[in-house]
Amino acid sequence: MEKWYVMRTVPGKEQEAGALIERTIDKSLWSQWRVLKKQKLFRAKGKLFLSMETMFPGYIFVKSSLPKELEEALNKSREYPKLIGNEPIETVPVEEQDLRFLQSVCGNELEKPMSLSKVEADEEGKLIHVDGILKKYEGQIIRQRLRKRYVLAEVELFQRKEDVLFGIYLPGDEIWQER
């Protein structure tokens, strides 16, 4: 049975690692690979720009029914971007509860970037309305930066509490596309 697995690679080399899998590893050992992305706003010259950012730098997600064989094939490759010390590549199964979170923010096949959530705040900056993917985690918000257009929520992920950054926008925001 196919499952999602996560593998470490050099941060910033995630796309290269996925391309190498596509080019050199027998397709019978895997069916899909993903580098999870998220939408984020940044401010430049008074304007809000939409950008994409890697959600988990240094990690690639692969769907496989033969994870050990995939590991062996990747460990034989001299091209796969390995961490310092040339530690062997490991495929770690994505736990069911973690997969549910990832699917809720990135789609069933982890194919979509985590989208921005719409929020409304009162005059003191207290959130009074939350929409989008953040709504489910509204009670877990531990920090908000309305001016920088993000909130941090503490989410149970990878067998520990993780601070996950959710991009937000406010009603009336004019959002420009990053060039």
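Structure: see above.
Presented here is a report on the structure given in the accompanying data block. Since the model is a prediction, treat every value here as computed from it, not as a measurement.

**Topic: the side chain of Glu14**
Line of reasoning, step 1. Structurally, Glu14 is set in helix H1 (residues 14–24).
Line of reasoning, step 2. Comment: no salt bridge for buried Glu14; closest opposite-charge side chain is Lys37, at 6.1 Å.
Line of reasoning, step 3. Leave out the neighbours within four places in its chain, and Glu14 touches Thr9, Trp33, Val35, Thr54, Phe56, Pro57, Gly58, Tyr59 and Ile60.

**Here's the deal with H1**
Line of reasoning, step 1. Within H1, burial applies to Glu14, Ala17, Gly18, Leu20 and Ile21. Mapping the buried residues of H1 onto a view down its axis gives an arc of 155 degrees, with all of them on the same face. Summarising the geometry of H1, the exposed residues directed more than 90 degrees from the buried face are Glu22 and Arg23.
Line of reasoning, step 2. Along its buried surface, H1 packs onto strand S1 (3–8), strand S2 (32–34), strand S4 (47–54), strand S5 (59–64) and helix H2 (67–76).

**Here we look at the pattern of salt bridges**
Line of reasoning, step 1. For the coordinates displayed, the defined rule picks out nine salt bridges.
Line of reasoning, step 2. Note that Glu16 and Lys13 form a salt bridge whose closest N and O atoms lie 3.6 Å from each other.
Line of reasoning, step 3. Using a relative accessible area of 41% as the deciding quantity, one classes Glu16 as partly exposed.
Line of reasoning, step 4. Judged by relative accessible area, Lys13 falls into the partly exposed class, the value being 35%.
Line of reasoning, step 5. In this structure, Lys161 engages Glu156 in a salt bridge whose closest nitrogen and oxygen atoms are separated by 3.5 Å.
Line of reasoning, step 6. In this structure Glu156 comes out as partly exposed when scored by relative accessible area, which is 37%.
Line of reasoning, step 7. Through salt bridges with shared partners, a single ionic network connects Lys38, Lys40 and Glu53.

**Quick word on helix H3 (residues 96–106)**
Line of reasoning, step 1. For H3, the complete set of buried residues consists of Asp98, Leu99, Phe101, Leu102, Val105 and Cys106. All buried residues of H3 project into a common sector of 160 degrees when viewed along the axis, lining one side.
Line of reasoning, step 2. Contacts made by the buried residues of H3 are with S1, strand S3 (37–44), S5, strand S10 (150–157) and strand S11 (160–169).
Line of reasoning, step 3. A positive backbone phi angle near 90 degrees is found at Gly107, which sits one or two residues after H3.

**Description of the nonpolar core**
Line of reasoning, step 1. Core analysis: the biggest nonpolar cluster contains 29 residues, and Phe61, Phe101 and Phe166 have the highest contact counts within it.
Line of reasoning, step 2. With five residues, the single largest contributor to this core is H3.
Line of reasoning, step 3. In this structure, Ala17, Ile25, Val62 and Leu74 belong to the second largest nonpolar core, which totals 15 residues.

About the thresholds
- Residues numbered from 1 in each chain as written.
- Predicted model: local features only at pLDDT ≥ 70, side-chain atom pairs only at ≥ 80, totals over all residues.
- Heavy atoms only, no water.
- Helix = DSSP H or I, 4+ residues; strand = E, 2+ residues; numbered from the N terminus.
- Buried < 20%, exposed > 50% of the residue type's maximum accessible area, 1.4 Å probe, protein only.
- Lys, Arg positive; Asp, Glu negative; His and termini not counted.
- Salt bridge = Lys/Arg side-chain N within 4 Å of Asp/Glu carboxyl O.
- Contact = heavy atoms within 4.5 Å.
- Arc of directions from axis to C-beta.
- Core = buried A, V, L, I, M, F, W, Y, C linked by side-chain atoms within 4.5 Å.

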